[in-house]
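Summary of the model geometry
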Amino acid sequence: MNYDVKDLKLAEQGKLRIEWAAREMNVLKQIQDSFIKTKPLKGIKLAACLHVTTETANLMITLRDGGAELALTASNPLSTQDDVAAALVKYYEIPTFAIKGEDNDTYYKHLHSALDIKPHITMDDGADLVSTLHSKRKDLLQNVLGGTEETTTGVIRLKAMAKDKALKYPIIAVNNAKTKHFFDNRYGTGQSTIDGIIRATNILLAGKYFVVAGYGWCSKGVAMRARGMGANVVITEVDPLKALEAVMDGFTVLSMNEAAKIGDIFVTLTGNKSVIRGEHFKSMKSGAILANSGHFNVEIDIPALKKMSKKIRNVREFVVEYKMNGGKSIFLLGEGRLINLAAAEGHPSSVMDMSFANQALSAKYIREHHKKLQMDVYDVPEPIDMKIAELKLKSMGTKIDSLTPLQEKYLNSWKEGT
Ligand code: ADE
């Protein structure tokens, strides 16, 4: 079996942690049980480019049990859990190509290794696998039935490809499922981003000025949780609607120029580049802490930060000090990469349960329906989304009401009024 992981000796610990995560992934477990019986992915080769975590491991095991032949590569150079990668190889016999801290060349070499299985389905997080396949491995396009995409940034990239007519197979935008972005993006990113910042720095959030760039679903979660820990949360936005929402949610909304002057901690989650840049570094207070929780490490202009610094040193794991002329220090966490995965363990398994249930069922859907799909980006079919919500509620022991016949009739009638 082909693989490239840090150290197979870590496999035992990885296996224990994968099993621990499985305890909170009951929806995926139910899908796994049905996959074992029906083998909906038999004969399918699936290349996955995902953060290599305990939750991803449980998804891979489910897909394998559904009959798929797999290859897994990391979707970020700094998000791999090396013990999980080792366990996937040693105990679950899943070819895995991922080493935490790998350089850019190794990252892309690993993507190519996963593509070497000649996939029928791609499962991507950020669209690097799809873009590599479309630009460097065009010969493989003929085999592909379809793909899935996990994240907002990836969906935006793939929609741009579809608009340019560059996309050569259909994609299911898992991110857009309600059971994905309402929960994973908001509660998952909310908790895991705070977790990453605290693990990296051990600082108290209470009383700090905590600047969140962006007010999409991920930012909303981070802002909500930072407020819950007593921080003074400031939002920056470019979208008037989202800014208005932030104002009415009770947050202070400022331009980044203004926020830069008062912030103690800054987190970017915009999906855009150079959101915090030279002009902002100039007006920041000494000791300001910068982190990113957006998909790519382009939101903070790190090259400009480097240029403005006379001394750069590691002061703790995942914390680099940039010392500037005049003696001011700015601290950058996790190389500006996803802080929740770089310094913590990513989203908790209970939310990934729903995200990955969507992934598993979307892979099955592609297998069954690819002939009817165009080279475009599709939402997860509504019945799949609703089924996952029902199963999740059930697994949490929460019961809800159902409509009475009278209520159903009322909702379908337009004659009853005042
Ligand atoms: N993205 C964010 N958190 C994650 C996790 N725990 N596993 C896989 N992908 C993630």
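Structure shown above.
Computed from a prediction, not measured in an experiment: that's the story for all the values here.

Thresholds applied
Residues numbered from 1 in each chain as written. Predicted model: local features only at pLDDT ≥ 70, side-chain atom pairs only at ≥ 80, totals over all residues. Heavy atoms only, no water. Salt bridge = Lys/Arg side-chain N within 4 Å of Asp/Glu carboxyl O. Buried < 20%, exposed > 50% of the residue type's maximum accessible area, 1.4 Å probe, protein only. Helix = DSSP H or I, 4+ residues; strand = E, 2+ residues; numbered from the N terminus. Polar contact = N/O pair within 3.5 Å; in protein donor to acceptor, adjacent residues only side chain to side chain. Contact = heavy atoms within 4.5 Å. Pairing = 2+ DSSP bridges. Axes fitted to C-alpha atoms, helices over the stretch in contact; angles between N-to-C directions. Parallel < 35°, antiparallel > 145°, perpendicular 65-115°, else oblique. Nonpolar A, V, L, I, M, F, W, Y, C, P; charged D, E, K, R; others polar. Phe/Tyr/Trp six-rings, centres within 6.5 Å; stacked < 30°, edge-to-face > 60°. Lys NZ or Arg CZ within 6 Å of the ring centre and 35° of its normal.

Moving on: the pattern of salt bridges. The tally for this structure, following the rule as stated, stands at 22 salt bridges. Notably, a salt bridge pairs Glu321 with Lys323, separated by 3.8 Å at the nearest N-O pair. A relative accessible area of 6% means that Glu321 is categorised as buried. For Lys323, a relative accessible area of 28% translates into the label partly exposed. The closest approach of N and O atoms between Asp353 and Lys392, which form a salt bridge, is 2.9 Å. Here Lys392 lies in helix H16 (residues 382-395) and Asp353 lies in helix H15 (residues 349-369), a separation of 39 residues in the sequence.

Within the fold, Ser192 resides in helix H8 (residues 178-201). Among the polar contacts made by the side chain of Ser192, one reaches the main-chain carbonyl oxygen of Gly188 at a distance of 2.8 Å. There is a polar contact of 3.1 Å between the side chain of Ser192 and the side chain of Asn340.

Let us now look at the side chain of Thr153. Relative to the helices and strands, Thr153 resides in helix H7 (residues 152-163). Those residues in contact with Thr153, other than ones at most four positions away along the chain, are Gly271, His295 and Phe296.

It is worth spelling out the sheet that holds strand E12 (residues 309-316) at this point. Judged by pairing direction, the sheet is mixed, and its eight strands sit side by side in the order E9-E8-E7-E10-E11-E14-E13-E12 without closing on themselves. The sheet terminates laterally at strand E9 (252-253) and E12, the two strands that pair on one side only. Examined bridge by bridge, E12 and strand E13 (residues 319-324) share six bridges and lie antiparallel to one another. Among the inter-strand pairings, Asn314 is bridged to a residue of E13, identified as Val320.

We now examine the packing of helix H2 (residues 26-38) against H15. Helix-helix packing: each pair is described by the crossing angle between the helix axes and the interaxial distance. Relative to each other, H2 and H15 sit at 25°, their axes nearing to 8 Å. When the axes of H2 and H15 are compared, the pair comes out roughly parallel. Residues Asn26, Val27, Leu28, Ile31 and Phe35 of H2 lie in contact with H15, whose contacting residues are Asp353, Phe356, Ala357, Ala360, Leu361 and Lys364. For the contact of H2 with H15, the residue count by class is eight nonpolar, one polar and two charged.

With that out of the way, let us pick up the environment of Lys6. Considering the arrangement of structural elements, one finds Lys6 in the segment before helix H1 (11-22). Here Lys6 falls in the exposed class, since its relative accessible area comes to 54%. Placed 93 residues apart in sequence, Lys6 and Ile99 show a C-alpha to C-alpha distance of 5.5 Å. What Lys6 contacts, discounting residues up to four positions off in sequence, is Asp82, Ala98 and Ile99.

The final tally for this structure, using the stated rule, is five aromatic pairs. Their ring planes at 90° and their centres at 5.1 Å tell us that Tyr107 and Tyr108 sit as a pair that is edge-to-face. Between Tyr215 and Phe251, the ring centres sit 5.9 Å apart and the planes meet at 65°, which makes this aromatic pair edge-to-face. Here the residue Tyr215 occupies a position in the loop between strand E7 (209-213) and helix H9 (217-228), and Phe251 occupies one in the loop between helix H10 (240-248) and E9, the gap between them amounting to 36 residues. Phe251 sits in the buried class, given a relative accessible area of 7%. Taken together, the aromatic side chains of Phe182, Phe183, Tyr187 and Trp217 make up a single cluster linked through ring pairs. Stacked on the ring of Trp20, the Lys or Arg Arg23 has its end atom at 4.2 Å from the ring centre.

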